[in-house]
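These are the residues of each chain, in order.
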Amino acid sequence: MPANHSIKKALSLIQNDASKVLGLNVGRYEDVQPGQYIPRADAQSHPDLFSRSLSPSSTYMVVGLDIDAPFPSFGVLGPILHWIQGGLQPTPSECNPGIYYTLEVTAPFVANYIGPAPPPGSSPHRYIFILYEQPAGFDAKKYAPPNGQNLGNIHRMRYNLDAWEKEIQLGPIVAANYFKSN
């Protein structure tokens, strides 16, 4: 597995600072708490994202990973990339305007979302979502498959988040969260 120091950093960040927990609504589950169990069937569409620690004038990007593939005790294929979505624009939440911002998708994906699919017999996997401020001038077309095609599985396995951060010059982690599913 690639080093992926940023995954460890994200997990530590949300453990030590509740204000850095990224809001997730997953299927019928709202305001998912870190480590909450979500059945596989309820997580097949990308989560709705929200946060209180956003600048309304910035654009954001989320990276979603399965950090326990293929099995939590044997992560030789992990992490597996589940989603890269840039062009996320904060808009005031209807429920709590001025406190929470909903992240609205305004651009094509870099890597399409795929839902949880641990192999039979696996214990629950952790699916982490890490939010960054999107670098100015980021061009999603440069990194996405052509013509809006879905990203192939071979490009998802053993995903090196640290290399991605360096390549596109991502700054510090803004917020993160994860859920478990199998």
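Above this text sits the structure in question.
In what follows, the accompanying structure is described. (Residues numbered from 1 in each chain as written. Predicted model: local features only at pLDDT ≥ 70, side-chain atom pairs only at ≥ 80, totals over all residues. Heavy atoms only, no water.)

## Description of the pattern of salt bridges
We count it as follows: Any Lys or Arg side-chain nitrogen located within 4 Å of an Asp or Glu carboxyl oxygen qualifies as a salt bridge. For helices the rule is a DSSP run of H or I covering at least 4 residues; for strands it is a run of E covering at least 2, with both sets numbered from the N terminus onward. In this scheme, a residue with accessible area under 20% of its type's maximum is buried, one over 50% is exposed, and one in between is partly exposed, where area comes from a 1.4 Å probe on protein chains only.
This model, assessed by the stated rule, comprises two salt bridges. With a shortest N-O distance of 3.4 Å, Arg28 and Asp42 are connected by a salt bridge. One end of the pair, Arg28, is in the loop between strand E1 (23-25) and strand E2 (36-37); the other, Asp42, is in the loop between E2 and strand E3 (48-51), with 14 residues separating them in the sequence. Across the salt bridge formed by Arg126 and Asp68, the nearest N and O atoms sit 2.8 Å from each other. Remark: Asp68 occurs in the loop between strand E4 (60-66) and strand E5 (80-92) and Arg126 occurs in strand E7 (residues 125-133); sequence separation between them is 58 residues. The class of Asp68 is buried, set by a relative accessible area of 5%.

## What to know about the environment of Asn112
To keep it simple, the criterion reads: Definition of a polar contact: a pair of N or O atoms within 3.5 Å, with one able to donate and the other able to accept a hydrogen when the atoms are protein atoms, and with sequence-neighbouring residues admitted only if both atoms are side-chain atoms.
Relative to the helices and strands, Asn112 is located in the loop between strand E6 (101-105) and E7. In this structure, the C-alpha to C-alpha distance between Asn112 and Leu77, residues 35 residues apart in sequence, is 19 Å. For Asn112, the side chain forms a polar contact with the main-chain nitrogen of Leu151, separated by 2.7 Å. Side-chain polar atoms of Asn112 contact the side chain of Arg156, separated by 2.7 Å.

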